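So you can see what is in the structure, the chains are spelled out below.
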Amino acid sequence: MSRRSRRDGSAPGAIRPTVTVCRGCCCGTPKIPGIDHAAQLRDLRTALEGKATVRVTDCLDVCEQANVVVVQPSADGRRAGGRPVWLGLVNDPDAVADIATWADDGGPGLADPPDVLGLYTFSPSRRVRAELPES
């Protein structure tokens, strides 16, 4: 999308969550064997099309949790109290569908995640959280 404002006056990314996918030092590499990382990212982008903004980032410095996905709330979700949710060990293809369902429902602050995503949720250090780019 161009840098021009939207017709409805909202800022880019304001109406939908942002899903940040780590693809750095360990995530998305052969260090996590048995996963088609390119297919995982492709499936995530396909499943989230029109539901969330997908952003790929370099190492988020939580390699022990690879593959890491962070679901950030939309502006409305943040106003409703939503905060970024860190998901680790996202190595199961079914997790992509669960993330897409949650984003379609509104994401953090607007909808509860599917229960199974609770198995993936973790809390990184404050330093690591501070390094995540704002949506």
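Summary of the structure given here. Because the structure is predicted, anything quoted here is derived from the model rather than measured. Residue positions within a chain follow its written sequence, with the count starting from 1. Totals for whole chains, interfaces and linings use every residue, but because this is a predicted model, local features are given only for residues with pLDDT of at least 70 and side-chain atom pairs only at 80 or more, for both listing and counting. Excluded from the side-chain calculation are hydrogens and water; included are all heavy atoms of the structure.

Along strand S3 (residues 69-72), one buried face is formed by Val69 and Val71 and the opposite face, lined by Val70 and Gln72, is buried too. With four bridges connecting them, strand S1 (residues 18-22) and S3 associate as antiparallel partners. Opposite threonine 20, over in S3, you have valine 70 as the bridge partner. Paired strands, as defined in this entry, are two strands with at least two bridges between them according to DSSP. Elements are defined by DSSP. Helices are runs of H or I of four residues or more, strands are runs of E of two residues or more, and each kind is numbered from the N terminus. Pairing of S3 with strand S4 (residues 85-87) involves three bridges; the strand directions are antiparallel. Pairing of valine 71 across the sheet is with valine 85, part of S4. When a residue's accessible area, from a 1.4 Å probe over protein chains only, is under 20% of the maximum for its type it is buried; when over 50% it is exposed; and in between it is partly exposed.

Here we take up the sheet that holds S1. Taking strand neighbours across the sheet as the criterion, the five strands line up as S2-S1-S3-S4-S5 in an open arrangement whose pairing is mixed. Single-partner strands in this sheet number two, and they are strand S2 (53-57) and strand S5 (121-122). Two residues qualify as a contact provided that any one of their heavy atoms is within 4.5 Å of a heavy atom in the partner residue. Between the N-to-C directions of two axes lies an angle of 0 to 180 degrees, each axis being a line fitted to C-alpha atoms and, for a helix, fitted only over the stretch in contact. Taken strand by strand, helix H1 (residues 37-48) contacts S1 and S2, and its axis lies near 155° from that of S2. Contacts from helix H3 (residues 93-105) reach S1, S3 and S4, with the element oriented near 10° to S3.

Once that is clear, we can look at the pattern of salt bridges. The salt bridge definition used is simple: a Lys or Arg side-chain nitrogen within 4 Å of an Asp or Glu carboxyl oxygen. In total, this model carries one salt bridge according to the counting rule given. Between aspartate 76 and arginine 79 there is a salt bridge, with the nearest N and O atoms lying 2.2 Å from each other. Within this pair, aspartate 76 and its partner arginine 79 are both found in helix H2 (residues 75-79), separated by three residues, close to a single helical turn. The class of aspartate 76 is partly exposed, set by a relative accessible area of 39%.

What follows covers H3. Every helix has an expected span of 1.5 Å times one less than the residues it contains. The end-to-end C-alpha distance of H3, which contains 13 residues, comes to 19 Å, matching closely the 18 Å that a straight helix rising 1.5 Å per residue would cover. Residues of H3 that are buried include every one of Ala95, Val96, Asp98, Ile99, Ala100, Trp102 and Ala103, and no others. We define a polar contact as two N or O atoms separated by no more than 3.5 Å, with the added condition that, inside protein, one atom must be a possible hydrogen donor and the other a possible acceptor, whereas residues neighbouring each other in sequence contribute only through side-chain atom pairs. One side-chain oxygen of the residue at the start of H3 lies 2.8 Å from the amide nitrogen of aspartate 94, identifying that residue as aspartate 92. Directly after H3, the chain includes glycine 106, whose backbone phi takes a positive value near 125°.

One recurring pattern in soluble globular proteins is that nonpolar side chains are buried together. Think of a nonpolar core as a cluster: buried Ala, Val, Leu, Ile, Met, Phe, Trp, Tyr and Cys residues, connected wherever their side-chain atoms sit within 4.5 Å. Core analysis: the largest hydrophobic core is formed by 20 residues, its most contacted members being Val19, Leu44, Leu48, Val71, Leu87, Val90 and Ile99. Elements supplying a minimum of two residues to this core: S1, H1, S3, S4 and H3. When residues no more than four places from it in sequence are discounted, the contact partners of leucine 44 are Val19, Val21, Val54, Val96 and Ile99.

Another aspect to go through is H1. In this model H1 runs 16 Å from its N-terminal to its C-terminal C-alpha over twelve residues, within 8% of the 16 Å that 1.5 Å per residue would give. Listed in full, the buried residues belonging to H1 are His37, Ala39, Gln40, Leu41, Leu44 and Leu48. The inward-facing, buried residues of H1 contact S1, S2 and H3. Positioned one or two residues after H1, glycine 50 has a phi angle of 80°, which is positive.

Moving on, we get to the environment of alanine 100. On the secondary structure map, alanine 100 appears in helix H3. A relative accessible area of 4% means that alanine 100 is categorised as buried. Sequence-wise, alanine 100 and alanine 47 are 53 residues apart; in three dimensions their C-alpha atoms are separated by 5.8 Å. Beyond its immediate stretch of four places on either side in the chain, alanine 100 contacts Ala47, Leu48 and Lys51.

Nothing here speaks to function; it is all geometry.
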